[in-house]
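# Overview (structure and organization)
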Amino acid sequence: MLRKLMLIPVWAVYSIAASLCVVAILMMQERVKANGFILSFWIKLFVVIFTLPLALKVGFPTSPLFYGIIFITAVLYCISDVIYFHAIPKIGSGLITRTMPGAVVISFFIWLSIDHSLLEKYFSHPWQTSGIIASILLAAVSASFLKKCHISWQGIKAIWFCIFAASIGPVITKLSLNEATITQAAYSYIVVQGVIMMILWLIYFAVQRPVSAKEMFSAASAKSGLAVGVLSCAMMILKMQAMVIAENPAYVSILLYTDVLWIIVIYKLIGRKETSNIWAGLGIVASAIMLIVFKSL
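Before going into details, it helps to say that this report is about the structure given with it. (Residues numbered from 1 in each chain as written. Predicted model: local features only at pLDDT ≥ 70, side-chain atom pairs only at ≥ 80, totals over all residues. Heavy atoms only, no water.)

Before going further, it helps to spend a moment on the packing of helix H4 (residues 64-91) against helix H11 (residues 182-208). Where H4 contacts H11, the two axes come as close as 8 Å, and the packing angle between them is 55 degrees. When the axis of H4 is compared with that of H11, the two are oblique. Two packed elements cross with a definite hand, and for H4 against H11 that hand is right-handed. Residues Phe-66, Tyr-67, Ile-70, Phe-71, Thr-73, Ala-74, Val-75, Tyr-77, Cys-78, Asp-81 and Val-82 of H4 pack against Ala-185, Ser-188, Tyr-189, Val-192, Gln-193, Ile-196, Met-197, Leu-200 and Trp-201 of H11. In terms of residue class, the contact of H4 with H11 is made up of 16 nonpolar, 3 polar and 1 charged. (Axes fitted to C-alpha atoms, helices over the stretch in contact; angles between N-to-C directions. Helix = DSSP H or I, 4+ residues; strand = E, 2+ residues; numbered from the N terminus. Parallel < 35°, antiparallel > 145°, perpendicular 65-115°, else oblique. Left-handed = near helix turned anticlockwise from the far one by under 90°. Contact = heavy atoms within 4.5 Å. Nonpolar A, V, L, I, M, F, W, Y, C, P; charged D, E, K, R; others polar.)

This part covers the nonpolar core. Generally speaking, a soluble globular protein has its nonpolar side chains buried in company with each other. Formed by 94 residues in total, the largest nonpolar core has its most connected members in Trp-11, Phe-108, Tyr-189 and Tyr-251. Looking at this core element by element, the count peaks at 12 residues for H11. Those residues in contact with Tyr-189, other than ones at most four positions away along the chain, are Phe-66, Ile-70, Thr-73, Tyr-77, Thr-173, Ser-176, Leu-177, Gly-194, Met-236 and Met-240. (Core = buried A, V, L, I, M, F, W, Y, C linked by side-chain atoms within 4.5 Å. Buried < 20%, exposed > 50% of the residue type's maximum accessible area, 1.4 Å probe, protein only.)

Together, Ile-49, Phe-50, Leu-226 and Val-230 line one region of the surface with nonpolar side chains, adding up to about 320 Å² of accessible area. Mapped onto the nonpolar patch, the elements with two or more residues apiece are helix H3 (36-58) and helix H13 (219-245). Checked against the element boundaries, Leu-226 lands in helix H13. In this structure Leu-226 comes out as partly exposed when scored by relative accessible area, which is 38%. (Patch = residues over 30% accessible without salt bridge, like charges linked within 9 Å, V, L, I, M, F, W, Y side chains within 5 Å. Areas by Shrake-Rupley, 256 points an atom, 1.4 Å probe, with all protein chains shown as cover. Salt bridge = Lys/Arg side-chain N within 4 Å of Asp/Glu carboxyl O.)

One pass over the full model with this rule turns up 12 aromatic pairs. Taking 6.0 Å as the distance between ring centres and 85 degrees as the angle between the ring planes, the aromatic pair formed by Phe-41 and Trp-42 counts as edge-to-face. A residue is classified by how much of its surface remains accessible, and Phe-41, at 6% relative accessible area, is buried. Residue classification places Trp-42 among the buried positions, given a relative accessible area of 11%. (Phe/Tyr/Trp six-rings, centres within 6.5 Å; stacked < 30°, edge-to-face > 60°.)

What follows is about H11. Think of an α-helix as turning once every 3.6 residues; residues three or four places apart then point the same way. Given a rise of 1.5 Å per residue, 27 residues ought to cover 39 Å, and the 39 Å separating the end C-alpha atoms of H11 matches this to within 8%. A maximum bend of about 30 degrees is found in H11 at Ser-188. At the exit of H11 stands Arg-209, carrying a positive phi of roughly 50 degrees. (Expected span 1.5 Å × (residues − 1). Bend = angle between axes of the 7 residues up to and from the residue.)

What is shown is where atoms sit, not what they do.
Encoded structure:
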């Protein structure tokens, strides 16, 4: 039993590594304070550029459903990404990382309603299932305590659409990945979704002109996008690989939200004051540890 517990699942390793990339992205955006729309576009451009050679090497899926589902995720994240990056300089990385995890419990149960074989597996292992559900609920309860903190509640209102996207996004993503082979899924998803999102953003830019063309395509914007794009590319590949392997997309989401721990550590090291409910955030970390333990039994 002890030996099994020591073997951390591969999807968990990928997810934790992805969470570290998320932290680096958040901290960098806090520093550069780039326009959310501009940064989102340039990040996606560089992510596609970096991932395309890998996608071409393994090939693209032939299932039309793969591309149809990805289009839905692209629309969802087109809106969510802009709001997300726009909110970081205003409400801070720490607040965001302790506000988003409430979406995990929704993703968990939505996926169970879709994957009936996994539901049957849960019923056949009641003790393990109880532990998994307890870890999911701990994440949700911890997130709910954030509401007692005024600043955290303001953060929730600022990124409510991001929370909505985080609730259904992983489920839709998992459905699309299931339409591709294991080797194709991650890279193809990143490239196809990225291209669609950039097209949608360019259409929005041409119609609404949220920023000037000079600002949109400046060297400074490209430089910021490149810096964050490298990290985003690594994060996306790790996240997609974890999604392919994990039974339930909520598992990956919980591990990604361990970024709250790394943010707290960094804030302590740089002497930055945190006014949000830190203990509630640490509850998310505890839920992630519980999930790994019970999934390893």
